[in-house]
Amino acid sequence: MSGTIEQDLLAESQYVSRLYDRLDELRAEKVQQLARTRATGAVGTFQNQSERDSFASLYEDRIAQLDAVQDRLVFGRLDLAEQGEAQAESNGAGNSPRYIGRIGLSDEELNRLMIDWRASEAAPFYQATALNPRGVRRRRHLMLKGRTVAGIEDDVLDGTWLDEGHTHHGEGALMAALREKRTGRMGDIVGTIQAEQDAIIRADLPGAVVVQGGPGTGKTAVALHRAAFLLYEYRERLKHAGVLIVGPSNSFMRYIERVLPSLGETGVVMSSVGELYHGVHAGPETARNVARVKGRLSMAKVIGAAVRNRQRLLAEDRTVVVEGTRLTLTRGMVRNARERARHTHKPYNEARETFTKVIVGDLAEQLRRKLEESAGQPSAADRSYLPQEVRESWDVRVAINLCWMPMTPQGLLSELFAKPHLLEAAAPRMSPADRDALFRPAGSPFTEADVPLLDEAAELLGEFVNPQDLPDTSQYERDVENAKRALDNMDTMLANAGIDGVVTAEQVAAVNQETAASASAAERAVSDRTWAYGHIVVDEAQELSPMQWRLLVRRCPMKSFTIVGDIAQTSAASGANSWAQALEPFFADRYKLEELTVNYRTPAQIADAAVRVAQAAGLRITTPQAVREGDWPPVITTVGKGELIQSLIEQLPDELEYSAGGLQAVIVPQELLAAARAAVTELYTERVGTGSGGLAQDIVVISARESKGLEFDGVMIVEPALLVAEVDGGVGDLYVAMTRTTQRLHVIHNQPLPAGFTEA
């Protein structure tokens, strides 16, 4: 039963120390096992080496997991009501307190010390209420600093406990977490998950779950914790297929990258939309009209037509020379070969082999007839070498490539946009203005809008294998020959011993081959474009174009998705105005819509101002209830023309004082971004961050697009009217920028403010 705060703190500290001791024991054990495994070296049979690599990977993953969960290892405790003996035995815990933490821990006798937060026995920690206590008498939150219990807070759900002893109240675990300074990296919410969030996190795996929520409702946190839960609950189903998490930008992916390891999961594939095509690192598509055109589903047909158009017919019959003999490649021969290749229904590069085989066969037959005509009579001589001679002819290779050139997706797309006649042939119904917008010089860098087009092309083209990239098998072939001779020499001895067929030359040679270290499912998935994931989590999903959705659905044929976003925050040129518009082309009506209703990040005064701006622009938005009022209303500073950057420099020191060591963001329109960064950097030098690594500093100068999904202690917005103008008059980016702050918002402007702003 509860005692004084000092007694309870001492008791909890002792138990937490025991948990950390056990964590250290397990880590040391795995480190020793890994060292012994590595010490064995690459010896033994191929199977032995493969097993060694597998064990090494297993130990490495476990060590990484144990390292990642050290911070706030345990955060909760449940004291349960009396249960019957059978019920206590079924959950393995009896009436002993259940400690809830990042992973499950047991002692050497397999007595449970701590329950993984994802286990069903831990669910009451998040779901129990006074109206539905679920057998919980008291829920205790443990606040740790390092490995020390710094505070405890009790939620007593059984009224009789209030009469029997003390209960300890603090600031509140949730409120304390909300008031913490931002670090530039997203933290997990595993100790403060709320009931409506937990219900979504623990939803069943199959199907698509859409999580709609306004700013600050914890959408991203819910999505990441759901990924960790699914990997725990459905590990057998997902461990081989894996889970993919997709975010809007590299800055965002860096911001969230530590969350899943802290929840005990290290094998998830994480990618921004610009990195979804392996080997291409695409930047933003800056031209909104171009992004809009490339995002249309009709572009799939354009890419399909572009591929078919590369299967050309001859304008006229063509003469080719094979070993001094002139042959005729006719238009009919090419048309027949093309039709036979298309009827295989194989991808372009694979069907090309059929096309080549038919052409070579026809020309070889023509060559045979000419050779016999020149000899004056049919011959029974072996002519099996003729197809090879035809295939190796320079003229024949040139002719085949003119009709059916092997292609890479990058090559196809680069030529399509660089040569107007190719695009007009592939997209005759596209308006001339749209075709002109897509033009760019060959070799131009790929953009995020190109990524799904590259993927579409790769699906239709199939694998392109450069002969120069094929592995050299000559050494292996020599090893096989040597092994055959060695075995021949041993035949007599083996026969006398009654041994036959025990080993082959190929098996002997394979022992000496170098083998690559075994790769995890996540590692294999990253480099395999055709990989089918078991589940995909998409954040800021309202920004995706139809072609980007087409790519993601191809990556997960079972259509098992967690989709999170806020339709009111849509700012992408090809983004969605409703979830139905975004999802019905791919999921029909087979998705479940959930909504988060509480704003944990943004103070009420600032959230209300952002809502007024959005509503004045006609956006239909959800208005989640803010959990705290905040200390400051939005601050608005009006300046003269040309004084924006100077005012920013003058006001910034005060804002840094208010954020008191926290993270300060300066969100600027694209046309002012370079000047703002230069001015702030000149004043604060090493404290200023930009790009995907910028969140490591305490002052960040970024665009509204880069700020999506991030949060800061303080936010300064420069010239809101330009933020609206650069997205064709939409206020989505401005709404996003206004709601990034956890404490204070300061707006500097010269042009008239968008409707809905209230003067401070």
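Residues numbered from 1 in each chain as written. Predicted model: local features only at pLDDT ≥ 70, side-chain atom pairs only at ≥ 80, totals over all residues. Heavy atoms only, no water.

An unreviewed UniProt entry annotates the protein as DNA helicase of Glutamicibacter ardleyensis.

Student: Tell me about the packing of helix α25 (residues 546-555) against helix α26 (residues 579-587), and name the residues and values.
Tutor: The geometry of α25 relative to α26 is characterised by a closest axis approach of 10 Å and an angle of 40° between their N-to-C directions. With respect to α26, the element α25 is oriented oblique. Along this stretch, α25 crosses α26, giving a crossing that reads as right-handed. Seen from α25, the contacting residues are Pro546, Trp549, Arg550 and Val553; seen from α26, they are Ala582, Leu583, Phe586 and Phe587. For the contact of α25 with α26, the residue count by class is seven nonpolar, no polar and one charged. (Axes fitted to C-alpha atoms, helices over the stretch in contact; angles between N-to-C directions. Helix = DSSP H or I, 4+ residues; strand = E, 2+ residues; numbered from the N terminus. Parallel < 35°, antiparallel > 145°, perpendicular 65-115°, else oblique. Left-handed = near helix turned anticlockwise from the far one by under 90°. Contact = heavy atoms within 4.5 Å. Nonpolar A, V, L, I, M, F, W, Y, C, P; charged D, E, K, R; others polar.)

Student: How would you summarise the side chain of Ser271 if you had to cite specific residues and measurements?
Tutor: Along the polypeptide, Ser271 turns up in strand β9 (residues 269-272). Not counting chain neighbours up to four residues away, the residues in contact with Ser271 comprise Leu244, Ile245, Val246, Gly247, Met253 and Leu276.

Student: How would you sum up the sheet that holds strand β19 (residues 688-689)? Please name residues and give values.
Tutor: Read across the open sheet, the six strands follow the order β17-β22-β21-β18-β20-β19; overall the sheet is parallel. Here the strands that pair on one side only, and so sit at the sheet edges, are β17 (635-638) and β19. As paired elements, strand β18 (residues 664-667) and strand β20 (residues 699-702) share four bridges and run parallel to each other. When the bridges of β20 are listed, Val666 appears paired with Val701. Packing of helix α28 (residues 644-659) onto the sheet brings it into contact with β17, β18, β20, β21 (712-718) and β22 (741-749), and relative to β22 it is tilted by some 160°. With respect to the sheet, helix α29 (residues 670-684) is in contact with β19, β20 and β21, its orientation differing from that of β20 by roughly 165°. (Pairing = 2+ DSSP bridges.)

Student: Outline unusual backbone geometry, listing residues and values.
Tutor: Non-glycine residue His345 carries a positive phi angle of around 60°. Here His345 lies in the loop between α14 (331-342) and α15 (348-375). At Glu719, a position not held by glycine, the phi torsion is positive, near 50°. The residue Glu719 is located in the loop between β21 and α30 (720-725) in this model.

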